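Coordinate inspection notes
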Amino acid sequence: MASIRRALSPAHRDRSYQNGAGFSSPANKFLTNGSGKHFPFSSSSSHLRPLFTAVNLVYRKGWRRSFCRCLLFFVIGFVFGVAPFGYTDTDVRTKDFAFPDLKPPPVNLQLDYQDVSSVSLGVNTRLAEQKEVADLIEPLKQLIVITPTCNRGFQSYFLNRLGHVLRLVKPPLVWMVVDEKAASLETEEILRKTGVMYRHLVSTLNSSSVKERTVHQRNAALEHIERHKLDGIVFFFADEDNFYTLELFESLRTISRFGTWPVAMLAQSKNKAILEGPACNASQVIGWHRNEKIKRFRRFHADMPGFAFNSTILWDPKRWGRPFSNPVRQLDKERFQETTFIEQVVEDESQMEGIPHSCSRIMNWHLHLDMDNLVYPKGWLLEKNLEDTLPVK
């Protein structure tokens with residue numbers, strides 16, 4: 001006998017029981033599968049699991065209970081926010097939010113019969129401070145060193161030696177080197193390599209018409225200074241074959257009008273030294289160290305490289321009250337060139353300054369070297385080999 005089992009209808013299957021044992025809902029069907037512990041979604045929807053878990057909790061524990069709790073906490077927070085727990089001023093006006101007036105405290109300024117003409121802030125910029133410091137530091141005077149030269153055997157040695165000394169002197173310094181007849185290429189090359197600021201001048205006058213060939217060269221330098229109105233201390237004259245110390249050039253900058261100093265000379269016989277120049281009390285010239293041969297005929301016993309003067313004497317004689325209006329030039333008078341030149345610059349020893357203090361140091365040596373028989377190599381090159389000119393031992 002055949003058995004027929006009849007399936008329950010959907011309406012019968014969804015019926016709810018009174019005791020709640022068989023409770024089910026569409027939401028429960030949708031969220032659960034059988035026991036309600038697993039989601040009927042694929043692994044790609046795993047990020048939605050927390051959301052559905054929260055919804056499941058709401059339906060399982062009851063949404064009414066959660067809603068009541070939220071409403072209760074909302075009412076408690078609202079009451080605490082509105083209820084006054086202290087005194088508050090309800091009279092809020094616009095002036096309460098305005099910024100207060102910041103005024104400096106009153107100052108009682110009393111002036112004892114003084115007129116205040118101007119008021120300046122006590123603020124100095126760095127540029128102003130540097131300018132004030134620069135004004136306090138007096139700039140160094142320019143030195144104008146005059147050196148006559150000519151083509152001779154030791155010219156390169158003398159000029160290089162003097163050039164290296166001048167290179168050590170603090171600027172500003174101008175070295176005036178005066179050639180005779182024409183500018184020598186060898187002299188120009190030497191001056192260019194020394195690194196000293198120089199002016200290469202040429203004396204075009206015939207030197208055979210004077211007893212001393214350097215007269216025209218020195219006058220050419222004086223004319224150049226006068227024409228261009230160069231301002232500085234003129235070292236008259238720094239011959240190239242002399243020896244000078246750095247102390248001498250630093251002392252020249254202390255000269256106001258005319259300065260002089262003692263010079264040690266090597267005698268013609270080369271067996272003794274002669275001192276010629278001023279004898280001083282501090283910086284005042286009170287006498288002279290004189291050469292025995294011409295002591296009775298010279299007014300000022302100073303050697304040629306033993307004095308210097310302010311260049312404004314050449315082109316501004318009114319400033320110094322110079323009695324002569326003629327240009328200051330060296331005269332062609334043998335053994336009297338120094339004194340005749342000094343007489344054009346100053347009147348007596350009261351207008352002189354002795355350097356250094358008390359004229360107690362020798363800063364300059366004047367040597368007389370005989371180099372007439374030495375050969376001057378053109379271009380500083382020897383045309384022949386040394387083996388052809390010197391015997392081999």
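Time to look at the state of the cysteines. Per the stated rule, a full pass over the model turns up 1 disulfide. Here Cys280 engages in a disulfide with Cys359; their sulfurs sit 1.9 Å apart. Its S-S torsion of approximately -60° makes the covalent link between Cys280 and Cys359 left-handed. Of this pair, Cys280 sits in strand 8 (residues 273-281) while Cys359 sits in the loop between strand 11 (353-354) and strand 12 (364-366), and the two are 79 residues apart along the sequence. The exposure classification of Cys280 matches that of Cys359, with both residues buried.

Here the focus is the environment of Gln330. Looking at the secondary structure, you find Gln330 in the loop between helix 11 (317-320) and helix 12 (337-345). Each residue touching Gln330, except ones within four places of it in the same chain, is listed here: Thr214, Val215, Arg218, Asn219, Leu222, Phe236, Phe237, Met304, Gln337 and Phe341. Engagement of the side chain of Gln330 in a polar contact is seen with the side chain of Gln337, the distance being 2.7 Å.

On to the nonpolar core. Among the nonpolar cores identified, the biggest contains 33 residues, and Met176, Phe236 and Phe309 are the most heavily contacted of them. By residue number, the principal contributor to this core is helix 8 (residues 214-228), which donates 4 residues. With near-sequence residues (within four places) excluded, Phe309 lies in contact with Leu222, Gly232, Ile233, Val234, Phe236, Arg257, Phe258, Leu314, Phe341 and Val345. Counting residues in hydrophobic clusters, the runner-up holds 26 residues, among them Val169, Tyr244, Leu252 and Val263.

The next subject is the environment of Arg299. With respect to the element layout, Arg299 can be found in the loop between strand 9 (284-289) and strand 10 (307-310). Looking at Arg299, the relative accessible area reads 38%, which means it is partly exposed. The sequence separation of Arg299 and Thr339 amounts to 40 residues, and the corresponding C-alpha distance is 6.1 Å. Once residues within four sequence positions are removed from consideration, Arg299 is found in contact with Thr339, Glu343, Glu347, Asp348 and Glu349.

A few words now on the sheet that holds strand 4 (residues 233-235). Pairing in this open sheet of 7 strands is mixed, and the strands run 3-2-1-4-10-6-11 from one edge to the other. Every interior strand has two partners, whereas the edge strands, strand 3 (198-203) and strand 11, have only one. Against the sheet, helix 7 (residues 185-194) engages strand 2 (173-180) and strand 3, with an angle of about 165° to strand 3. Against the sheet, helix 12 touches strand 6 (258-260) and strand 10, its axis set at about 25° to strand 10.

Quick look at the pairing of strand 2 now. Consecutive side chains along a regular strand alternate between the two faces of the sheet. For strand 2, the buried fraction is high: 7 of the 8 residues fall into the buried class. Pairing between strand 1 (residues 143-148) and strand 2: 6 bridges, direction parallel. The residue bridging Val145 from the neighbouring strand is Trp175, located in strand 2. For the handedness criterion, the β-α-β arrangement of strand 1, helix 6 (residues 155-167) and strand 2 is classed as right-handed. Pairing between strand 2 and strand 3: 6 bridges, direction parallel. If you follow Asp179 over to strand 3, its bridge partner there is Val202. In the classification by handedness, the crossover that spans strand 2, the intervening helix 7 and the parallel strand 3 is right-handed.

Next up on the list: helix 12. Summarising burial for helix 12: 8 of the 9 residues are buried, a large majority. Taken as a whole, helix 12 has its buried residues at Gln337, Glu338, Thr339, Thr340, Phe341, Ile342, Gln344 and Val345. The secondary structure elements touched by the buried residues of helix 12 are helix 8, strand 6, strand 10 and helix 10 (312-315).

The rules behind the values
Residues numbered from 1 in each chain as written. Predicted model: local features only at pLDDT ≥ 70, side-chain atom pairs only at ≥ 80, totals over all residues. Heavy atoms only, no water. Disulfide = S-S within 2.5 Å. Helix = DSSP H or I, 4+ residues; strand = E, 2+ residues; numbered from the N terminus. Buried < 20%, exposed > 50% of the residue type's maximum accessible area, 1.4 Å probe, protein only. Contact = heavy atoms within 4.5 Å. Polar contact = N/O pair within 3.5 Å; in protein donor to acceptor, adjacent residues only side chain to side chain. Core = buried A, V, L, I, M, F, W, Y, C linked by side-chain atoms within 4.5 Å. Pairing = 2+ DSSP bridges. Axes fitted to C-alpha atoms, helices over the stretch in contact; angles between N-to-C directions. Right-handed = clockwise from strand over helix to strand, strands pointing away.

So far we have only geometry, and geometry alone does not tell us how the molecule works.
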